[in-house]
Each structure stands twice: as C-alpha cells, then as structure tokens.
Amino acid sequence: MIGLISATAAGAAARDRLAAAWPDRTRVYEGPVGEAVRAAFAECEQLVCFLATGATVRLLAPLLAGKAADPGVVCVDEAGRFAVSLLGGHGGGANELARDVAGLLGAEPVVTTATDAAGLAGLDTLGLPCEGAVAAVSRALLDGEPVALVTESAWPLPPLPVSPQGSYTIRLTDRDVRPGPRDVLLRPPSLVVGVGASKGAPVDEVLGLIERTLREAGLSPRSVAELATVDAKSAEPGILGAAERLGVPVVTYSAEELASVEVPNPSAAPLAAVGTPSVAEAAALLRGGELLVPKRKSDASPAMATCAVARRPGRGRLAVVGLGPGARDLLTPRATAELRRASVLVGLDQYVDQIRDLLRPGTRVLESGLGAEEERARTAVAEARRGHAVALIGSGDAGVYAMASPALAEASDDIDVVGVPGVTAALAAAAILGAPLGHDHVSISLSDLHTPWEVIERRVRAAAEADLVVTFYNPRSRGRDWQLPKALGILAGHRTPSTPVGVVRNASRPDGSSRVTTLAGLDPATVDMMTVVTVGNTATRTVAGRMVTPRGYRWQAPSAGGSAAGREEAR
C-alpha cells in the first residue's frame, strides 16, 4: 500500500489525482502532517509526501530504522514539477515509484541513486535475493574497477560491466555459501522442493525436514522457488504453513502427471494413498531439472513428511522489440525497459545506432547489415538458449514485416519469449496523412524477395475487389521499379482516378516528408524504400488537405450551410 500525505490545498489536489488513478494501491492519510507521516510510515510499504523535501526529511528522521526495513518515500513539490526519490530508492522501490508518479502527474522524476545515475543495474534491483558487500561491489562497478561474474548456472541477468577476473566478485549461486568482504551473492530461484505429507502432518515437521535437507545438502533456502506436491495435498495445512514461512508458493500436479515421471525411489505407499508411486521426487522433477537430493523422510516416528530437491535450469529470455518508426518519442516505455533489461542486443546496424544510448553498460551488441535477417533471428534464439536475456530489435512493430516471425519460427518452448509492440510505419504515416485508415484496411509488401509476385498480385487484386484501403510497404527500390505501377494499375481498375493517395517518407523522422495526391497523379518514380504509400478506398476523401476514410460508407450528408465533409463531397 502507498500512503499519501499532503499539507496544502495544492498538494491535496495532486494527492487526490494519484488516489483516483490508483484506488487499490493508495491510502490517503488526513489530519496533522506529523501524525499522518508516522502512521503511514508504520503501515505502508511506500509513501508519497506532497511536501517540501526539508519538511519531509525532518518528519522522517526519527522514524528511520535501516535500509532493509524503511519504506520507499517519494516527495512531490507543491507545484507538482518534481517527484523526488527520497528514501529507499532500490530496496523500497522509490526510484520506480518516482517515475510512475511523475508520469501520472506530468512531473520530472528525480533519481539520485549512483547506479541509476550512471545507467547501471543496481545489484539489489535485479529481482534476485542478494547478500554480501552490495555497496562495495556497486562502488567498484561505478569506479570501473574489475568485477568478476561467476555463474554456477545460466540465468537471464541484466547487463553488468563485469570482467573475466577481478578483485571483486558477483556470484550467482544457489549453494549455501558465505560471501567474502568483496563478494555479492545473487540467489536465483532455481530449487524446487517436492513435498509429500500424511494427513495432519505438523507444520514444524514439514518445515524442519525441508530446512534440514537443504542445510545438509549445502543449498540456500533463499533459492527455493516453490514447494511442489500432488493435487490431493493442495490444502494440507503442514505444507501450506511451511510454504508461508519460506515465502514461496505451493504448486500442485495431478496424480496422473506425477505418475508419468521416472524417479529413483518409487513406492507403493503413495500409489495406494494418492494414485502415484512418487510425490516428492516426481513433483520436484516434473518440469525438468536435476535431482539434487533424493526422497528423504522426516525424523518423527512415524514419519509424516517426505521431501526431495531438484535444481531447475534458468530459462533464457527473448524479447522481440519494436522500435517504432524512428522518432524517440514514439519508442514505447516498455520497449525502453526491455532494451535496458537485455544483456545481449541483436539487430540491424542502423537500428542499433538509433537506440545505442539507451543500453546499459555491459550490454553485448551483435549487429549486422541488410540481408542477414534470418541469421539475426537464429543468433538471438541461440543466445537465449544459452540462458541470456536477449532483445531482438526491429523497426515499427517487430511482428509486422520484421524480426518476430523468423525468430519465433526458430524458437521452441525451451526459452521464454516476450513480444513488445511498436508503432508501425503504416500507423505513423496515417497519423501524418489524417485518418486514411478509418475503415477496414490492409498492409501489403511489394517486395518479391521472399514472396512470389504471383502471390502479391493476388492479394492486391483481393484488396481492390474488397474496396479496402491499402498501405504498401517496400513499394519501390532501384532493383524493383515495376511492382508499384503494376499494383496501382490493379487498384485503378476498381477506383476512380481521383482516389486520394498518401505518400510519406521517413515518417516521424526529422527528414520526413509527406504529400496527398491522387491515384492518377502519383508518379511512382518519386517513391523509394523509405516510403509508405496509402491508397484510399471508394469512400476516402480529401478534407482540408487531409485523407479521411469514414467509419461507414454512408458519407455524412451536408446540413444547412454544409459541413466540411459535406462540402468536400459536393465538389
């Protein structure tokens, strides 16, 4: 919960905007400011104080307990100009909260955490439990000192500017080891504990067995991702209580699913009780991995609990990211976040140049030129299979005539795939031209490098006969100069010569240009590969120099005096 505190009418107005936008996340604290801050500090995970920073600091000072315990605090000035991450930037989530608050209020986020200012991923913001000399190792990274990364298993980490060797170390491990004075341990959620329990098994017996098993195997409880068991035990209090104390979820499987898993120690007892020869081992192994600890029983007499531990390998992550048409303000926040999350970036060299400044230090960039699309797709998938966090970039939307389809044709279910939509060239051009896509429309690429012309021509004829607005991608190049005239000729057989046509080159970019002409007036020689051509349907009109396709085919009749649309129609 986010506590909201204000002292003035201006602050209360901004506070109420935040409360209205996040009704389920926020709680307004009324009354004297000092009492409100104290109450919110004790009851909430985060605070937003619409107060001067000095006043907020004085109110917070007596309440501070430590970096690990204090909530995140954001301070917003009376004019709503700045959202300052004041306390708990990483651990309390105040940096991210400041950005969210600023975005909602139209303010400027102010984040002064050293790693954020330098563009580095904070070691305590990687989404993994960490322990050890976080401040010292972070300082070494900031100072450019050599920091080694030791990974005992592949895991999709964000980029870190690490070296093969160094006097400081970041170690990714699920083993129960202690960090040295210059070490940080990152704990991946790689361990699955399969659990079986008799009805009424005490929580202490189940939890004690799990903790002892992990300790004797030299494994860290902070790397336990989940407890797994059979459906019949989904409400067993001992299992649920143990999971709650460990802070992990309980995942259950049917007896049929568990019975399909080969295990080293099947038993007749669970087969008779719940219909599978193994619960603990099978549940630990069902989703793949390596069995680290075979089935063990608790020490009670009679034993009412069993457990087994498996290590599940980290899954690589492939984000297929659309960069939009080129303008930085048309690059979505989600795309930016994925670019900063990726430790490996794969893309066309000219697209990489567009966003190179957004990459975090330590990002490995694999770029290539035109014509290597399939190779880039294979490379991106291969890097994800090695356990990396990969971003594969394309212009516009990566799923529209871009990299998503070749990449997903290569990818199997052994990696996680995330699609990040982008503003397409067709949409960027349409916004410049007016509203040409107001009714049904289609995009057709005129490049016959990958698609036979016979197929392209059939699609153009279908669009012409269906009276669809058509946006042509890849309309004309020096080596392909006859396809656009041919396609326009097909459309001309079903539309009048005065049909509006929009031509946009380098949509949204500083050197962009646009014009509205007609089907008869378009000179194909003025079009190149950087151009998008949009041909209207029989209802498309030019209104005040803009292309407009009405949502219905019944064009608004002119009223007395005539509307602009009606007057244009009358011409």
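Keep in mind that this is a model prediction, so the values were computed, not measured. (Residues numbered from 1 in each chain as written. Predicted model: local features only at pLDDT ≥ 70, side-chain atom pairs only at ≥ 80, totals over all residues. Heavy atoms only, no water.)

Colleague: I'm lost on the overall build of the protein in this one. Help?
Modeller: Of the regular secondary structure elements, the protein holds 19 helices and 28 strands. By its C-alpha atoms, the protein is 95 × 65 × 50 Å across when sized along the principal axes. Going through the 571 residues of the protein one by one, you find that 47% of them count as buried. Put simply, 64% of the contacts in the protein that link residues at least 6 apart link residues at least 24 apart. Accessible surface computed for the protein: about 26400 Å², of which carbon and sulfur atoms make up 52%. (Helix = DSSP H or I, 4+ residues; strand = E, 2+ residues; numbered from the N terminus. Buried < 20%, exposed > 50% of the residue type's maximum accessible area, 1.4 Å probe, protein only. Contact = heavy atoms within 4.5 Å. Areas by Shrake-Rupley, 256 points an atom, 1.4 Å probe, with all protein chains shown as cover.)

Colleague: I keep staring at the packing of aromatic side chains and nothing clicks. Help me out?
Modeller: The geometry of two aromatic rings is summed up by the distance between their centres and the angle between their planes. By the definition in use, this model includes 2 aromatic pairs. Aromatic side chains Tyr-401 and Tyr-473 sit 4.7 Å apart centroid to centroid with 55° between the ring planes, which places their arrangement in the tilted category. Here the residue Tyr-401 occupies a position in the loop between strand 19 (389–394) and helix 15 (404–410), and Tyr-473 occupies one in strand 23 (residues 469–473), the gap between them amounting to 72 residues. The class for Tyr-473 is buried, based on a relative accessible area of 10%. Their ring planes at 70° and their centres at 5.0 Å tell us that Trp-453 and Trp-482 sit as a pair that is edge-to-face. In this pair, Trp-453 is assigned in helix 17 (residues 453–465) and Trp-482 in the loop between strand 23 and helix 18 (483–492), connecting sequence segments 29 residues apart. You can call Trp-482 partly exposed: its relative accessible area is 42%. (Phe/Tyr/Trp six-rings, centres within 6.5 Å; stacked < 30°, edge-to-face > 60°.)

Colleague: Hey, could you run me through the nonpolar core in this one?
Modeller: Soluble globular proteins: nonpolar side chains tend toward being buried together. Judged by nonpolar contacts, the single largest core of 22 residues is most densely connected at Val-193, Ile-210 and Leu-227. Looking at this core, the elements that each hand over two or more residues are strand 11 (191–197), helix 7 (203–217), strand 12 (224–230), helix 8 (237–246) and strand 15 (305–311). Element by element, the count of residues in this core is highest for helix 7, at 5 residues. Setting aside residues no more than four positions away along its own chain, Val-193 makes contact with Ile-210, Val-224, Glu-226, Leu-227, Ala-228, Cys-307, Ala-308 and Val-309. (Core = buried A, V, L, I, M, F, W, Y, C linked by side-chain atoms within 4.5 Å.)

Colleague: Please explain the sheet that holds strand 21 (residues 434–435) as it appears in this structure.
Modeller: Two modes of strand pairing occur in sheets, parallel and antiparallel, and in both the strands are linked by backbone hydrogen bonds. One open sheet holds the 3 strands; their spatial order is 21-28-27, and the pairing between them is mixed. The open sheet has two edge strands, strand 21 and strand 27 (541–543), and neither has a second partner. Relative to strand 28 (residues 546–548), strand 27 runs antiparallel, the two being bridged by 3 bridges. In the sheet register, Thr-542 faces strand 28, and the bridge partner there is Met-547. (Pairing = 2+ DSSP bridges.)

Colleague: Just checking my understanding: could you explain unusual backbone geometry for this structure?
Modeller: The bulk of non-glycine residues show a negative phi, and the bulk of peptide bonds are trans. The step from Ser-301 to Pro-302 runs through a cis peptide bond, and the omega angle for that step is 0°. Looking at the element boundaries, Pro-302 is found in the loop between strand 14 (290–297) and strand 15. For Asp-467, which is not a glycine, the phi torsion comes out positive at approximately 60°. Tracing the backbone through its elements, the reader meets Asp-467 in the loop between helix 17 and strand 23. For Asn-474, which is not glycine, the phi dihedral falls at a positive 45°. With respect to the helices and strands, Asn-474 occurs in the loop between strand 23 and helix 18.

Colleague: Would you explain the confidence of the model for the protein in this entry?
Modeller: A low pLDDT means the predicted coordinates there should not be read in detail. When the pLDDT values of the protein are averaged, the result is 90; 96% of them are 70 or greater. Within the model, the stretch residues 558–571 combines pLDDT values under 50 with 12 contacts to residues more than four positions away or in other chains. (pLDDT = per-residue confidence, 0-100.)

Colleague: Quick question: what am I supposed to make of the side chain of Glu-338 here?
Modeller: For Glu-338, the location among the structural elements is in helix 12 (residues 333–341). Discounting residues that sit within four places of it in the chain, Glu-338 has contacts with Arg-317, Ala-319, Val-321, Ala-391, Val-418 and Val-420.

Colleague: Even after reading the chapter, I still don't get the state of the cysteines, so can you show me in this structure?
Modeller: Covalently bonding the sulfur atom of one cysteine to the sulfur atom of another cysteine gives a disulfide. Counted according to the given criterion, the structure contains 0 disulfides. Of all cysteine sulfurs, the one in Cys-75 lies closest to Cys-49, which takes part in no disulfide; the gap is 6.3 Å. (Disulfide = S-S within 2.5 Å.)

Colleague: Can you help me understand the sheet that holds strand 19 in this one?
Modeller: Ordered in space as 18-17-19-16-20, the 5 strands form an open sheet in which the pairing is parallel. A strand with exactly one partner marks an edge of an open sheet, and here the two such strands are strand 18 (364–368) and strand 20 (416–420). Each strand axis lies, on average, 15° off the axis of its neighbour in the sheet, ignoring direction. Sheet analysis places strand 16 (residues 317–322) next to strand 19, joined by 6 bridges and oriented parallel. The residue of strand 19 that forms the bridge with Gly-322 is Gly-394. Sheet strands touched by helix 12: strand 16, strand 17 (344–348), strand 19 and strand 20. Its angle to strand 16, the strand with the most contacts, is close to 140°. (Axes fitted to C-alpha atoms, helices over the stretch in contact; angles between N-to-C directions.)

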